[in-house]
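One letter stands for each residue in the lines below.
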Amino acid sequence: MSKYLVKRIGYLFVTIAIVSFIVFMMLFFTPGDPATLILGNMSTEEAREAMREQLGLNSPFLVQYFNFVKDLVLHQDLGTSYITQRPVLQEILEVVPNTLILSFVAIVIAVVFGVALGIISAVRQYSLIDAIVTVFAMIGISAPIFWYGLLMILLFSVQLGWFPPSGFDTPSQMFLPCLALGIQSMSMIARMTRSSMLEIIRMDFVKMARAKGQKEVWVILSHVFRNALIPVITVIGLQFGMLLCGALFLEVIFSIPGLGRLMIESIKMRDYPVVMGGVFFMSLCVTIVNLITDICYALVDPKIAKS
Amino acid sequence: MNKNKKDTKTKVTKSRGQFAIVLLSFKRNKLAMAGLIILFILFLTAIFAPFIAPYGFDTTDYDNTFQQPSAEHLFGTDEFGRDIFSRVVYGSRLSLSVGFIAVAISVVIGGTLGAIAGFYQKQIDNLIMRFMDILLAIPQFLLAISIVAVLGPGLFNLMIAVGISSIPRYARIVRATTMTIKGEEYIEAAVASGTNDTGIIFKHILPNCMAPLIVQISLGIADAILMAAGLSFIGLGIQPPAPEWGAMLSGGRNYIRGWAYMTYFPGLAIFFTTLSLNLVGDGLRDALDPKLKN
Amino acid sequence: MENNKLLQIMDLCVTYKTQEGLVHAVNNLNLEISDKETLGFVGETGAGKTTTAMAIMRLIPCPPGKIEKGKIFFEGEDLLKISDRKMRKIQGKDISMIFQDPMTSLNPVMRISEQIMEMILLHKKINKKEAYAEACKLLELVGIKKERADDYPHQFSGGMKQRVVIAISLACSPKLIIADEPTTALDVTIQAQVLSLMKDLKDEFGTSMILITHDLGVVAEICDKVAIMYAGSVVEYASKEKLYLNPSHPYTKGLFNSIPKLDTDEEFLEEIDGLPPEPTDVISGCAFNPRCPYCMERCEKEKPGITYLDKEHYVCCFLYENK
């Protein structure tokens, strides 16, 4: 177990290192001259040249990358915004709590309801409730999140007036975006739980548990579900990355100051350090969540824990 | 007399081929067939768009802006008086072509990388798959955003961004299948009889990857279309006035109070497209992999 | 009929709904087993052996399966009529089951001690510590060191897993064990070990056993009675000796002819013509008639009833009706 953990954590650092390289490479190759962006079109060529020198843009690629990593590791410095001239990390940290709250609440909704619906629909296969869950899950994974997010505003804010259509300060403001974000992952998790349960439920050890005279509820929970959980954990882990991207749309639709919206606005203003900082930050979150997933995996699956 | 009976019996049991069974199983799946029919209609719409659409997709009519849906304008008109129905019809061309071309890009690149990794294994495998793992560490949509950020918006760049960001999943599938097939005896037989590596990959291994790949392609096109629409929605994909469904939704968002129909139809179009592809993909998976079916 | 029968199955019919149509998995099956007896249940794949076993355990998945009619008396009580709750008290405690594939009959995420304890705790009023001690004792009994009690199934070989399954099935000293091809999935050398272990433990515990198999050699080794099954019903039933000396049903004869004999020098083995019927086919008359070398006109129209050749030997075939 500890060996497995060390290996996974080592892997985390390698991944972060390479992601930082990819991010930097993209930053390096993005078109447009940062000095012009900072100083404006009216600036003189001398001023721009001085700015380039100051930013270290005249050094070779690898030197620039080395400086980028050095700043990142030693000073937790992701660079400076071209537009606001403030540290990128500071800009990100200001908005990231909203994104994390949104994603966290959504994933809790998704896991709780997704797993429950998946179990019910697998246990009552071919029943009415199974049909309903299957159809809704299919709709949930097919409908674009930015569309049903809008439809939810239309219904709950414009028509019924139950929830405000924008902002993210009060629980009533948080309700709609969290729900919208949760629905998509919930559908995926419900589908995965259902199919994984159905695969396990036919296995001999389940019959064996019934043949022992075990109550059906316990057969399902302690035998079927514990086994079905292994692929479900993978999906939950993968969902987190999708959730962060889904959050981006909902931040736009519900006007929530979050990481996704910051990145989109920065792309439009060609403020690439902020964009790439955001990409890096999100990838970091995803990698950490993957590590947590791997640990959960080891806790559930004895084959991993022992080897 | 007994002999005759026996013969007919054996014939009945053995006459169906693998492909026929898959086809039959797919045909029995009502949802999958529904998906296929929707998809077929979408294709016809895209091909015959100029004949179906009553107006041009960019024909403005400033006397008839913000018209509610009516017989004249089935889905109403937008802020420039453009017919939303015509725009949705033309939009099918954009979405389907982005979806299919992007997936073609990722299948060709991902499939080749996966086949190489699975076939040669060892260091090459390690190198390719570690790189894929790292691409997977960046959420797919985020990767597409970063690529668009570098390349700039537009139809072509959108295809590339969506295509590149979904390479890893195809690489993984092809690699896994290749590794299974490579262990089979008929591959050893082909090696022993002097077929070269390329021959083996193209003649034996790739055809065998088709089943899992087709399923993934069908689901992948749905994802690609969603992603492309999403990028256009946030203004990083296909730019207005092109009748892209995601961009149309983004435009409609500004008029959601009062002119909600502007958000209904482009969204429905995306929804039915991805739904049909997902249904077909699910149906194919069930038909090709009976072990997963119940 | 006598009352010392432990289990008596009467006119059991089980059907399954499939995409191809209704499958009559078990058709008017009659069977009985006495105390401490071992019954060999022989037939080809798809003959309905496992379905019968699942019906006794009341584990037929419904839908798609359905017990259409019949009675299953266990110690004088019809198992098909009692409540689920009462049935759960019988499952495991009085009747336990050993499944075909030991690779899949143990839960991969539970320690084997937990899996044995589960059985014990369900049926005996003892605490966890005592149950654990008992589980260890059972493991030693089947030849596994008790130090391995906390291991997971993937750490055992197939034969060892089957030993664990046997330990589970014996945990509550059941009156009847149903073993569904317990050795088919194992290596030949392991098969013999597991079989002799089962035989010894069966004698030690004094339980009855239904051994489902398609291997007549296994039957010869440990069974007292044999039931030959074809297309969902028993076509011949006899004590082992009588069946081996005097196989009577054409199908039984065919089975015996297809075994190589050591004392004669044969170049070819005789085979039974044709294939078992498709599960969805309903054959009029005797189910074996399309493959039967002695088929008469009557066989295609009527279903043969039970003909007793002897006190404990019956056969379902018109050939013997008038004798």
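Heads up: the structure comes first, above all this text.
Per chain, the residues get numbers from 1 upward, laid out in the order the sequence is written. Labels follow written order: the first chain is A, the first ligand is 1, and so on. Per-residue local features of the predicted model are confined to residues with pLDDT of at least 70, and side-chain atom pairs are confined, for both listing and counting, to 80 or more; whole-chain, interface and lining totals are unaffected and use all residues. Side-chain metrics in this entry use all non-hydrogen atoms of the structure; hydrogen atoms and water are not considered.

So, the sheet that holds strand 3 (residues 38–43) of chain C
Residues and elements named next belong to chain C.
At step 1: DSSP calls a pair of strands paired once it identifies at least 2 bridges connecting them. The numbering of helices and of strands both runs from the N terminus, where a helix is a DSSP run of H or I of at least 4 residues and a strand a run of E of at least 2. Spatially, eight strands are ordered 6-7-8-3-9-10-12-11 in an open sheet, and the strand pairing comes out mixed. The outermost strands of the open sheet, each flanked by one partner alone, are strand 6 (95–98) and strand 11 (307–310). When strand polarity is set aside, the average angle formed by the axes of neighbouring strands in this sheet is 20°.
At step 2: Judged from the six bridges that link them, strand 9 (residues 225–230) and strand 10 (residues 233–239) form a sheet pairing that is antiparallel. Paired with Tyr-230 across the bridge in strand 10 is Ser-233.
At step 3: Running over the sheet, helix 1 (residues 49–56) touches strand 3, strand 6, strand 7 (176–180), strand 8 (208–213) and strand 9 and is turned about 150° from strand 8.
At step 4: Contacts were defined at the residue level, with two residues in contact if any of their heavy atoms lie within 4.5 Å. In this analysis an axis means a line fitted to C-alpha atoms, helices contributing only their contacting stretch, and an angle means the value between N-to-C directions, from 0 to 180 degrees. Along the sheet face, helix 5 (residues 158–170) touches strand 6 and strand 7 and points at about 175° away from the line of strand 6.

Some points on the packing of helix 5 (residues 88–123) of chain A against helix 8 (residues 171–201) of chain A
Residues and elements named next belong to chain A.
At step 1: Contact geometry of helix 5 with helix 8 gives a least axis separation of 6 Å together with a crossing angle of 35°. Handedness of the crossing formed by helix 5 with helix 8: right-handed.
At step 2: Each residue gets one label: Ala, Val, Leu, Ile, Met, Phe, Trp, Tyr, Cys and Pro are nonpolar, Asp, Glu, Lys and Arg are charged, and the others, such as Gly, are polar. Of the residues belonging to the contact of helix 5 with helix 8, the class tally is 23 nonpolar, seven polar and one charged. What makes a crossing left-handed is the near helix being turned counterclockwise from the far one by less than a right angle; a clockwise turn instead makes it right-handed.

Thoughts on the interface of chain A and chain B
At step 1: Every contact between the two is made by 46 residues of chain A and, on the other side, 42 residues of chain B.
At step 2: Take the accessible area each of two parts loses on contact, using a 1.4 Å probe, and add the two losses: that sum is the buried area. Interface area for chain A against chain B, summed over the two sides, is near 3,900 Å², with a carbon-plus-sulfur share of 76%.
At step 3: Considering only the side of chain A, the residues that lose the most area to chain B are Phe-146, Trp-147 and Leu-150 of chain A, jointly responsible for 15% of the buried surface there.
At step 4: For this analysis, a salt bridge means a side-chain nitrogen from Lys or Arg found within 4 Å of a carboxyl oxygen belonging to Asp or Glu. Our count for the contact surface shared by chain A and chain B stands at one salt bridge.

Quick notes on the side chain of Thr-178 of chain B
At step 1: Tracing the sequence through the fold places Thr-178 of chain B in helix 9 (residues 167–182).
At step 2: Partly exposed describes any residue whose relative accessible area lies between the buried limit of under 20% and the exposed limit of over 50%, with all areas from a 1.4 Å probe on protein chains only and scaled to the type maximum. The exposure class of Thr-178 of chain B is buried, given its relative accessible area of 0%.

What about a positive patch on the surface?
At step 1: Candidate patch residues must exceed 30% relative accessible area and have no salt bridge, after which like charges are joined if within 9 Å and Val, Leu, Ile, Met, Phe, Trp or Tyr side chains if within 5 Å. Computed by Shrake-Rupley with a 1.4 Å probe, the accessible areas treat only the displayed protein chains as cover when residues are assessed. Charged residues are defined narrowly, with Lys and Arg counted positive, Asp and Glu counted negative, and His plus the chain ends left uncounted. Charge coordinates come from a single atom per side chain, which is NZ of Lys, CZ of Arg, CG of Asp or CD of Glu. Residues Lys-215 of chain A together with Arg-85, Lys-89 and Lys-125 of chain C make up a contiguous surface patch of positive charge.
At step 2: In this structure, Lys-215 of chain A sits in the loop between helix 9 (204–211) and helix 10 (216–253).

Things to note about the sheet that holds strand 5 (residues 77–78) of chain C
Residue and element names in this part refer to chain C.
At step 1: Taken together, four strands build an open sheet; the order of strands is 2-1-4-5 and the sheet is antiparallel. Two strands in the sheet have a free side with no partner beyond their single neighbour: strand 2 (21–34) and strand 5.
At step 2: Judged from the eight bridges that link them, strand 1 (residues 5–18) and strand 4 (residues 65–74) form a sheet pairing that is antiparallel. Following the sheet pairing, Val-14 is matched in strand 4 by Ile-67.
At step 3: Against the sheet, helix 1 touches strand 1, strand 2 and strand 4, its axis set at about 115° to strand 1.

Description of the packing of helix 6 (residues 128–142) of chain A against helix 13 (residues 261–288) of chain B
At step 1: Look at helix 6 of chain A against helix 13 of chain B: their axes get within 9 Å of each other, and the N-to-C directions meet at 120°. Classed by the angle they form, the pair helix 6 of chain A and helix 13 of chain B counts as oblique. Where helix 6 of chain A crosses over helix 13 of chain B, the two elements pack in a sense that is right-handed. Contacts from Met-138, Ile-139, Ile-141 and Ser-142 of chain A of helix 6 of chain A reach helix 13 of chain B at Phe-271, Thr-274, Leu-275, Asn-278, Leu-279 and Asp-282 of chain B.
At step 2: Class assignment of the residues belonging to the contact of helix 6 of chain A with helix 13 of chain B gives a composition of six nonpolar, three polar and one charged. Here the angle decides the label: under 35 degrees means roughly parallel, over 145 means roughly antiparallel, 65 to 115 means roughly perpendicular, and every other value means oblique.

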